[in-house]
Amino acid sequence: MLAVIFSAKIVRLLQAFVLDVLLQRKILKESVLRWAMHMLIFWGFILLLFMHALGRIVTDALFSNYEPTLNPYFFLRDLFGLMVLAGVVVAVIRRFFLKIPRLMTSSMDKYAIGILAVIILSGFLLSGVKITSKTEFSDMAEEYAGWLSQEELRALESYWVSDQGLVSSDVTRPFAADVLDQGKQAHESYCAYCHAPAKSAFASYSTGKILSPAAGAMDRAGFVGILWYIHFLSCFIGLAYLPFSKMLHIFSTPITIMANAVMDEKKSKPENVATRQIIELDACTHCCTCSLYCSAMMGYEARQNTYILPSEKIAPLKALAAGRDLNEAETRAIVEGIYLCTNCDRCTVVCPSGINLRQLWLNARERLLQQGPAEPLVLSQLSFVRGLNRKKTPADIYPLPLEKADNAVSAKYRPLLDPDRSIDLTPPAGGQQPTSGFENTFSYCFGCQNCSTVCPVVGNYEDPQEQLGLLPHQIMCSLGLGLTETAMGAKMIWDCLTCYQCQEHCPQNVNVTDILYELKYMAVAGVDEGRQNHDQAGGLR
């Protein structure tokens with residue numbers, strides 16, 4: 001920290017603090033409405049927390065004349081509360097009424113909106129009922145003006161009914177001017193030094209006016225006490241659950257933004273990077289901006305796996321970081337979601353919380369691939385991101401997920417490639433065949449071997465058949481004989497580069513590459529089918 005303070009990085013640190021933390025520049029770039037919503041909630045809640053909830057600790061230490069019922073604090077309390085309430089209303093409209101693409105609402109989002117709404121509304125109701133309460137007035141008058149005569153007390157009560165919003169059946173309107181003058185003098189002598197005009201708390205005063213027809217009944221029923229408990233408990237629950245909810249981002253997001261503004265990934269110690277990433281998991285506000293720009297969006301559309309979306313991956317990663325276990329289906333989904341990430345860095349660039357999501361996915365990817373279930377996608381060309389980062393993984397560790405996936409996909413077909421095994425040419429009942437628009441083109445193959453001759457994968461090996469199991473022309477021949485499962489066991493279908501050389505050079509116009517791709521799909525579908533059968537049999541209990 002000292003190295004940052006006494007270096008040029010202090011400028012970047014201050015810039016990030018002012019523009020990204022205080023003014024929330026990134027949110028403003030995305031949407032003015034969203035920026036206004038977040039600013040209202042953020043500043044309203046923070047100021048209310050320190051000025052009102054922690055008033056005796058923070059405000060009292062800063063301002064010697066602090067009293068929550070005196071101005072400007074009396075007025076500001078309502079202003080800040082109204083800011084939060086306005087922000088919550090906008091949040092509800094955005095999440096539940098506006099059709100914002102890929103904006104998903106989790107139970108934690110609903111909790112955050114709900115607890116804020118309960119805290120603020122119960123606060124306004126409590127203040128409004130206290131303003132109208134005859135019991136509250138009587139207790140206050142007895143404590144601070146108990147020595148006044150009955151006539152003076154009635155004058156004070158009349159003045160409070162007239163100007164302070166009190167509701168009382170013991171005095172009757174209209175009040176005489178001299179009674180109000182007498183009451184005003186008593187108010188200024190015994191009340192005004194610690195109680196500003198009720199109208200200053202404009203929202204609470206308006207709430208009291210709305211409730212005034214029922215004020216007498218509410219006072220007799222003890223609503224002041226009931227609402228106090230509701231307000232206190234909601235505040236207590238909100239604060240107690242804050243470390244476990246998304247509300248923790250109030251503190252973790254500024255830390256993340258400022259840390260990422262000055263941290264150099266290459267020069268930082270691994271333990272410092274790990275600490276920052278743990279904090280980043282709590283900095284996510286689940287605003288879903290990252291999902292809006294995600295390059296893997298089509299993967300989500302095709303697979304309907306929500307964990308492909310960056311915003312939805314944070315929660316399971318947070319659970320894993322906390323040492324909690326995910327069930328088998330969730331683990332498979334998050335492994336696929338992490339793996340399909342293209343590391344295009346868009347999510348990191350647009351994240352208003354400043355989270356280095358790209359680095360988070362990179363680190364989580366390798367751990368999940370090593371410890372999680374087999375992920376067939378590592379066998380495809382889509383594994384290029386992991387390949388580009390191969391040097392970051394120990395050489396003896398890197399191939400393990402590949403071997404695990406290869407076993408999951410092809411192990412059951414591998415014995416079919418045994419050259420000593422007799423071949424059963426009887427078509428199996430319900431046996432699979434490539435079924436796309438290219439079906440049966442393999443039947444045109446007459447074994448010229450052009451496809452195998454031009455294949456760069458075949459040419460890469462001295463003994464390609466030993467390495468690949470079957471060569472492209474042999475796979476076409478196997479399909480022609482109805483030996484689809486034998487073809488699916490060939491390593492060739494996974495090593496295919498999809499360069500289309502074989503298909504372009506085929507004199508019979510066999511769609512060799514497309515058929516290899518479809519065999520790959522059929523092999524993975526077989527794994528998925530096995531998993532579903534396992535799940536239906538109670539494998540996830």
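Criteria and thresholds
Residues numbered from 1 in each chain as written. Predicted model: local features only at pLDDT ≥ 70, side-chain atom pairs only at ≥ 80, totals over all residues. Heavy atoms only, no water. Helix = DSSP H or I, 4+ residues; strand = E, 2+ residues; numbered from the N terminus. Rg over C-alpha atoms; globule rule 2.2 N^0.38 Å. Buried < 20%, exposed > 50% of the residue type's maximum accessible area, 1.4 Å probe, protein only. Contact = heavy atoms within 4.5 Å. Lys, Arg positive; Asp, Glu negative; His and termini not counted. Charge placed at Lys NZ, Arg CZ, Asp CG, Glu CD. Expected span 1.5 Å × (residues − 1). Core = buried A, V, L, I, M, F, W, Y, C linked by side-chain atoms within 4.5 Å. Axes fitted to C-alpha atoms, helices over the stretch in contact; angles between N-to-C directions. Left-handed = near helix turned anticlockwise from the far one by under 90°. Nonpolar A, V, L, I, M, F, W, Y, C, P; charged D, E, K, R; others polar. Salt bridge = Lys/Arg side-chain N within 4 Å of Asp/Glu carboxyl O. Patch = residues over 30% accessible without salt bridge, like charges linked within 9 Å, V, L, I, M, F, W, Y side chains within 5 Å. Areas by Shrake-Rupley, 256 points an atom, 1.4 Å probe, with all protein chains shown as cover. Phe/Tyr/Trp six-rings, centres within 6.5 Å; stacked < 30°, edge-to-face > 60°. Lys NZ or Arg CZ within 6 Å of the ring centre and 35° of its normal.

Glancing now at the overall build of the protein chain. A count of helices and strands for the protein chain gives 30 helices and zero strands. For 541 residues, the compact-globule estimate of 2.2 N^0.38 gives 24 Å, and the C-alpha radius of gyration of the protein chain, at 35 Å, exceeds that figure by more than 25%. Expressed as lengths along the three principal axes of its C-alpha atoms, the size of the protein chain is roughly 115 × 60 × 35 Å. Considering the protein chain as a whole, with its 541 residues, one finds that 46% of them fall into the buried category. Residue pairs at least 24 apart in sequence account for 71% of intrachain contacts in the protein chain once pairs closer than 6 positions are excluded. If the 47 positive side-chain charges of the protein chain are averaged to one point and the 51 negative ones to another, these points end up 4 Å apart.

Let us now look at helix α15 (residues 270-283). The terminal C-alpha atoms of α15, which comprises 14 residues, lie 20 Å apart, in line with the 20 Å expected from a rise of 1.5 Å per residue. As for α15, its buried residues are in contact with α14 (249-262), α18 (310-321) and α21 (357-371).

As a further point, take the nonpolar core. By size, the foremost hydrophobic cluster in this structure holds 67 residues, and its most contacted members are Leu-357, Trp-361, Ile-475, Met-476, Met-492 and Leu-519. Per-element accounting of this core gives the leading share, seven residues, to helix α30 (residues 512-539). If near-sequence neighbours (up to four positions away) are discounted, Met-476 is found in contact with Phe-442, Cys-445, Val-510, Val-512, Ile-515 and Leu-516. Counting 30 residues, the second-largest nonpolar core is a separate cluster that includes Met-37, Phe-45, Phe-80 and Ala-112.

For Asp-109, the position within the fold is in helix α7 (residues 107-132). For Asp-109, a relative accessible area of 1% translates into the label buried.

With that settled, the discussion passes to the packing of helix α4 (residues 32-53) against helix α6 (residues 73-96). Each pair of packed helices can be described by the angle between their axes along with the distance between the axes. Viewed as axis vectors pointing N to C, α4 and α6 meet at an angle of 145°, and their least axial separation amounts to 8 Å. Taken as a pair, α4 and α6 cross one another with a handedness that is left-handed. Tallied by class, residues from the contact of α4 with α6 come to 18 nonpolar, four polar and three charged.

So, about the pattern of salt bridges. For the structure shown, the criterion picks out twelve salt bridges. Between Glu-280 and Arg-276 there is a salt bridge, and its shortest N-O distance comes to 3.2 Å. With Glu-280 and Arg-276 both in helix α15 and four residues apart, this pair spans about one turn of that helix. Judged on exposure class, the residue Glu-280 and its partner Arg-276 are both buried. A salt bridge links Asp-495 to Lys-491, with the shortest nitrogen-to-oxygen separation between them at 3.0 Å.

Our focus in this paragraph is a nonpolar patch on the surface. A cluster of nonpolar side chains, Trp-228, Tyr-229, Phe-232, Leu-233, Phe-236, Ile-237, Tyr-241 and Phe-244, forms an exposed patch at the surface whose accessible area comes to about 870 Å². Here Trp-228 is to be found in helix α13 (residues 223-241). What makes Trp-228 partly exposed here is its relative accessible area of 43%.

Residues Glu-151, Glu-152, Asp-178 and Asp-181 make up a contiguous surface patch of negative charge. Elements with a minimum of two residues in the negative patch: α9 (150-164) and α10 (177-190). Within the fold, Asp-181 resides in helix α10. Since its relative accessible area comes to 46%, Asp-181 is described here as partly exposed.

With that out of the way, let us pick up the packing of aromatic side chains. Following the criterion strictly, the structure yields ten aromatic pairs and no others. Summarising the aromatic geometry, the rings of Phe-75 and Phe-202 are spaced 5.6 Å apart at their centres and angled 45° between planes, so their arrangement reads as tilted. Placement of Phe-75 in helix α6 and of Phe-202 in helix α11 (residues 202-211) is noted, with a sequence separation of 127 residues between them. For Phe-75, a relative accessible area of 34% translates into the label partly exposed. Ring geometry for Phe-232 against Phe-236: centres 6.3 Å apart, planes inclined by 15°, an arrangement best described as stacked. One end of the pair, Phe-232, and the other, Phe-236, are both in helix α13, four residues apart, so they sit about a helical turn from each other. The side chain of Arg-365 reaches across the aromatic face of Tyr-339, ending 5.8 Å from its centre.

Looking now at unusual backbone geometry. Residue Pro-72 is reached from Asn-71 by a cis peptide bond, and omega for that bond is 10°. Summarising the element assignment, Pro-72 is placed in the loop between α5 (55-62) and α6. A cis amide bond links Arg-173 with the next residue in sequence, Pro-174, at an omega value of -10°. If you check the backbone angles, His-286 has positive phi at about 55° while not being a glycine. Structurally, the position occupied by His-286 is in the loop between α15 and α16 (289-292). Even without being glycine, Tyr-500 reaches a positive phi, approximately 70°. In this fold, Tyr-500 is placed in the loop between α28 (492-495) and α29 (501-505).

By themselves these figures say nothing about function.
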